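# Summary of structural features
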Amino acid sequence: MEIKTKHLEYVYQKNSPFEKRALYNINITIPENSYTAIIGHTGSGKSTLLQHFNGLLQPTSGEIQIGDLVIGSEKKKKGLKSIRKKVGIVFQFPEHQLFEETVEKDICFGPMNFGLSEEEAKIRAKKALKQVGLNEEFLQKSPFDLSGGQMRRIAIAGVLAMKPEVLVLDEPTAGLDPRGRTEIMDMFYSLYKQHGISIVLVTHSMEDASKYADHIIVMHKGTVYKYGTPREIFDSPEELIKLGLDVPESIRFQLKLEEKIGAQIGKQPSISINELTDNILSYLKRGDIQ
Amino acid sequence: MANKFVQFNNVSFRYDEEAPYALKNVSFSVFEGEWLAIVGHNGSGKSTLAKLMNGLLFPEEGDVYINHLKLSEELVWDIRDQVGMVFQNPDNQFVGTTVQDDVAFGLENHGIPRDEMVERVHEALRHVNMVDFLDQEPHHLSGGQKQRVAIASVLALRPKIIILDEATSMLDPRGRNEVLEVVRELKNKENLTIISITHDLDEAAKADRIIVMNKGQVYREGLPEDIFMMDDELTKLGLDIPFTTKLVKSLRENGYDIPKDILQEEKLVDYIWKLKQNI
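Note that this is a predicted model, so its numbers are computed, not measured. Once a new chain begins, its residue numbering starts again from 1 and follows that chain's sequence as written. Note on labels: chains are lettered from A, ligands numbered from 1, in written order. Only residues with pLDDT of 70 or above have their local features reported here, since the model is predicted, and side-chain atom pairs are shown and tallied only from 80 upward, although totals for entire chains, interfaces and linings are computed over all residues. As a rule here, side-chain values cover all heavy atoms of the structure and leave hydrogens and water aside.

## Side note on the overall build of chain B
Secondary structure follows DSSP: runs of H or I at least 4 residues long count as helices, runs of E at least 2 residues long count as strands, and numbering of each begins at the N terminus. Summing up its helical and strand segments, chain B has 11 helices and 10 strands in all. The quantity called the radius of gyration is restricted to C-alpha atoms. Its globule counterpart is 2.2 Å times the number of residues to the power 0.38. Relative to the globule expectation of 19 Å for 279 residues, the C-alpha radius of gyration of chain B, 20 Å, shows essentially globular dimensions. Overall, chain B is about 70 × 50 × 35 Å in size when its C-alpha atoms are taken along their principal axes. By residue count, 53% of the 279 residues in chain B fall in the buried class. Two residues qualify as a contact provided that any one of their heavy atoms is within 4.5 Å of a heavy atom in the partner residue. Once local pairs closer than 6 in sequence are excluded, the contacts in chain B between residues at least 24 apart make up 63%. Each accessible area is a Shrake-Rupley result for a 1.4 Å probe, and residues are judged covered by the shown protein chains and nothing else. Surface summary for chain B: the accessible area is close to 12800 Å², and the carbon and sulfur share equals 46%. Burial classification: accessible surface area is computed with a 1.4 Å probe over protein chains only, and a residue below 20% of its type maximum counts as buried, one above 50% as exposed, and the rest as partly exposed.

## Examining the UniProt feature "domain: ABC transporter" (unreviewed entry) in chain A
UniProt positions are given in the numbering used here, feature names are shortened, and annotations may be inferred rather than shown by experiment. UniProt records the feature "domain: ABC transporter" (unreviewed entry) at residues 3-246 of chain A, using the numbering of this structure. For the annotated span residues 3-246 of chain A, helix accounts for 35% and strand for 24% of the residues, and the straight-line distance between the end C-alpha atoms is 27 Å.

## Points about the sheet that holds strand 9 (residues 198-202) of chain A
Residue and element names in this part refer to chain A. When DSSP finds two or more bridges between a pair of strands, those strands are recorded as paired. The six strands lie next to each other as 7-8-9-4-10-11, forming an open sheet whose pairing is mixed. Unpaired on one side and paired on the other, strand 7 (87-90) and strand 11 (223-228) mark the two borders of the sheet. In this sheet, adjacent strand axes meet at a mean angle of 15° when their direction is disregarded. Looking at chain direction, strand 4 (residues 35-39) and strand 9 are connected through four bridges and run parallel. Across the sheet, isoleucine 38 pairs through a bridge with valine 202, a residue of strand 9. Geometry is summarised by axes, namely lines fitted to C-alpha atoms with helices restricted to the contacting stretch, and by angles between N-to-C directions that run from 0 to 180 degrees. Sheet strands touched by helix 5 (residues 148-160): strand 7 and strand 8 (166-170). Its angle to strand 7, the strand with the most contacts, is close to 165°. Sheet contacts for helix 6 (residues 178-195): strand 4, strand 8 and strand 9; angle to strand 4, the most-contacted strand, approximately 135°.

## Points about the environment of arginine 231 of chain A
Residue and element names in this part refer to chain A. Topologically, arginine 231 is positioned in helix 8 (residues 230-234). Excluding residues that lie within four positions of it along the chain, arginine 231 makes contacts with Gln268, Pro269, Ile271 and Glu275. One polar contact links the side chain of arginine 231 to the main-chain carbonyl oxygen of proline 269, over a distance of 3.4 Å. N or O atoms within 3.5 Å of each other form a polar contact, as long as, within protein, one can give a hydrogen and the other can take it, and as long as residues adjacent in sequence are counted only when both atoms are side-chain atoms.

## Things to note about the UniProt feature "domain: ABC transporter" (unreviewed entry) in chain B
Using the residue numbers shown here, the UniProt feature "domain: ABC transporter" (unreviewed entry) corresponds to residues 6-240 of chain B. The span residues 6-240 of chain B shows a helical share of 37% and a strand share of 24%, and its end C-alpha atoms are spaced 27 Å apart.

## Points about the layout of surface pockets
If a probe as big as a water molecule is rolled over the atoms, it shows which places are left empty. For the second largest pocket, the calculated volume is near 1300 Å³. Site definitions follow a grid-based scheme: protein atoms alone, a 1 Å grid, a 1.4 Å probe that fits but cannot get out for cavities, and for pockets an open set with protein on both sides within 12 Å along at least five of seven lines, plus lining residues having an atom within 4 Å of a point. Taken together, 38 residues line the second largest pocket, and the ones lying closest to its centre are Leu146, Ser147 and Gly148 of chain A together with Asn42 and Gly43 of chain B. Secondary structure elements with two or more residues in the lining of the second largest pocket: helix 5 of chain A together with helix 1 (46-53) of chain B. Of the residues contributing to the lining of the second largest pocket, the split by class is 13 nonpolar, 16 polar and nine charged. Grid points are joined across faces, edges and corners, and a volume is the space filled by probe spheres set on the points. Residue classes follow a fixed rule: Ala, Val, Leu, Ile, Met, Phe, Trp, Tyr, Cys and Pro count as nonpolar, while Asp, Glu, Lys and Arg count as charged, and any other residue, Gly among them, counts as polar.

## Quick notes on the domain arrangement of chain A
Interfaces are often described in size by the accessible area the parts lose on coming together. Residues and elements named next belong to chain A. By domain assignment, chain A separates into domain 1 (33-43 + 80-242) and domain 2 (249-286). All the domain ranges listed were derived from an automatic or database domain assignment. For domain 1 and domain 2, the distance between their C-alpha centroids amounts to 33 Å. On the side of domain 2, seven residues touch domain 1, which itself brings eight residues to the contact. When domain 1 packs against domain 2, the two sides together hide about 720 Å² of surface, and 57% of this comes from carbon and sulfur. Whenever Lys or Arg places a side-chain nitrogen within 4 Å of a carboxyl oxygen from Asp or Glu, that contact is recorded as a salt bridge. Inspection of the region where domain 1 meets domain 2 yields one salt bridge. Of the charged contacts in the structure, one is a salt bridge between glutamate 275 and arginine 231, with a shortest N-O distance of 2.8 Å. Broken down by secondary-structure element, the contributors of at least two residues to the side of domain 1 that touches domain 2 are helix 7 (206-212), helix 8 and helix 9 (237-242). Examining the composition of the side of domain 1 that touches domain 2, we find that three residues originate from one element, helix 9, more than from any other. Using a 1.4 Å probe, buried area is obtained as the accessible area two parts lose upon being combined, added over both of them.

## Let's talk about the interface of chain A and chain B
Facing 33 residues of chain A, the contacting portion of chain B comprises 36 residues. Both faces considered, chain A and chain B share a buried interface measuring about 3100 Å² in area, 63% of it formed by carbon and sulfur atoms. The three residues of chain A that bury the most area against chain B are Phe253, Lys260 and Leu284 of chain A, which together make up 21% of that side's buried surface. In this structure, the salt-bridge partner of lysine 256 of chain A is glutamate 265 of chain B, at a minimum N-O distance of 2.8 Å. Inspection of the region where chain A meets chain B yields 11 residue pairs in polar contact (both at pLDDT 80 or more). Among the elements of the structure, helix 6, helix 10 (249-261) and helix 11 (273-285) of chain A are those that each provide at least two residues to the side of chain A that touches chain B.

## Let's talk about unusual backbone geometry
A positive phi angle is found at asparagine 15 of chain A, which is not glycine, with a value near 60°. With respect to the secondary-structure elements, asparagine 15 of chain A resides in the loop between strand 1 (3-12) and strand 2 (20-26). Its identity as a non-glycine residue notwithstanding, asparagine 129 of chain B has a phi of 55°, on the positive side. With respect to the element layout, asparagine 129 of chain B can be found in the loop between helix 4 (114-127) and helix 5 (143-155).

## Quick look at empty space enclosed by the protein
Residue and element names in this part refer to chain B. Applying the stated criterion across every chain, the model contains one cavity of 30 Å³ or more. Volume-wise, the largest cavity comes out at about 30 Å³. Lining of the largest cavity is provided by Leu164, Glu166, Ala167, Thr168, Leu180, Ser196, Ile197, Thr198 and Glu203. Classifying every residue of the lining of the largest cavity gives four nonpolar, three polar and two charged.

## So, helix 3 (residues 99-109) of chain B
Within helix 3 of chain B, burial applies to Val99, Asp102, Val103, Ala104, Gly106 and Leu107 of chain B. Summarising the contacts, the buried residues of helix 3 of chain B are in contact with helix 4 and helix 5 of chain B.

## Digging into the pattern of salt bridges
Summed over all chains, the structure comprises 26 salt bridges over all chains. One salt bridge connects aspartate 208 of chain B with lysine 187 of chain B, and the closest N-O pair in it is separated by 3.5 Å. Of the two residues, aspartate 208 of chain B sits in the loop between helix 7 (201-205) and strand 9 (209-214) while lysine 187 of chain B sits in helix 6 (residues 173-190), which places them 21 residues apart along the sequence. With relative accessibility at 34%, the residue aspartate 208 of chain B sits in the partly exposed group. For lysine 187 of chain B, a relative accessible area of 13% gives the class buried. Among the ionic pairs, aspartate 231 of chain B bridges to lysine 249 of chain B, the shortest N-O distance being 3.4 Å. Linking aspartate 231 of chain B in the loop between helix 8 (224-228) and helix 9 (232-236) with lysine 249 of chain B in helix 10 (residues 243-253), this pair joins segments that are 18 residues apart in sequence. A relative accessible area of 29% means that lysine 249 of chain B is categorised as partly exposed. Each of Arg252 and Lys256 of chain A together with Glu265 and Glu266 of chain B takes part in a single network of salt bridges with overlapping partners.

Next comes the structure, spelled out in structure tokens:
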């Protein structure tokens, strides 16, 4: 399923003294089965934008097309319920939203709320649990007896049980330890690769954005500053730094080294530690500094 | 020998009698004026340690000493005067309607006279560069600013130790740097002892010393250089190594004998540059 926006604008508390424009002139396409990262400062409009992806917010002007459904600024759109099944949003610290007595009941809540029978929901719960890398023993446990990382997986399983076609993730690794972070990011990647789910990842981690995404959207002051592949985005790191954004550690290091040397060490900025290693090795082996 | 400011002697703790031990036979010391980072996987007991340092929890076995006072129900308030805590979620630690009210809250509880209170609130906010925000409502601040106000609230009580319990994990990179810079400056100016519980290995790399927790026990303690030389062992514990250590490792695997203990990026830049001069 494709998501596409045309001149999307969103103004909070429109026509009131507190009116505040959060988004303007957003024209993006999130293709079917793609992995898109959205980066930008706190306050750049990332969270407001992602709430449009399943109709939690409606544009105040312009439009967003989610699959076949076009949502504009008109009042109360119908058909939002079916959209919310297809686009699952995992908010920050989703484990705070767990509430049921057992893991199984918690995961079943969403599907049953959308009209599935208990039996069907239970089958889905089992499958979703497997997708997040937990075994069936967890089904009858209380979610509150689990570790933070496990609770987060349960919360994500609750979204997966709706069988979304697009999964929107807002800082999904915040607060997890390094292993938990890698595991959960690898899990999303396999949902994208093996199950054909589109991923939209909102993140502050430039490493994750460059490692996993095939496209990156840079948000700045309420609009899209740049759109492209990780290579294209990080090809001009100075530009991102000027916006006050981070660049991947490997690029930051390369810039420091190049400043010290007074020359470039590679054809392009290194978006991974392997590229950086290659660039440093060729610099060390080279006869003359260019 | 430096003054042992925090001491854990064979401390064990369970959240209830049927639960497994959250901490088992833990002993370590924190010295006056040092920055100690405590790292470990989720559920390794890090936050339990923090809560035992200011009497939010009490040990089941063993003793905790803070500035030579033994943690007990009787002395808990004396101990809390010395230990300030900053928690993870900036939105969960506000009580006042304005920034200055919030910082004053703890002082009011301590019955500090008004004149002194005003002075201390200003001083504390100056320390965290938030004096311009005195009358702002806390919910209008950014995450980094909120955490700095939380630090000011703690600071106004003039503690000897500040514990940061994953205090930067919900912040964006800019907010994280703001907070860490403020804490670093404070530590140097006020001779504070800082205990930082963190998953951020780059932050831990800048500490004076690191304790690695694993499954409720102290797995290792040492200088950052020594800890990060554990490399694969750390990965097995669910942790990671900082970027610089990874790069050194990768260059070593390609035949360059770069010292394993370089942790600062600047030092590695210099080293590579010098290496080139000598080829």
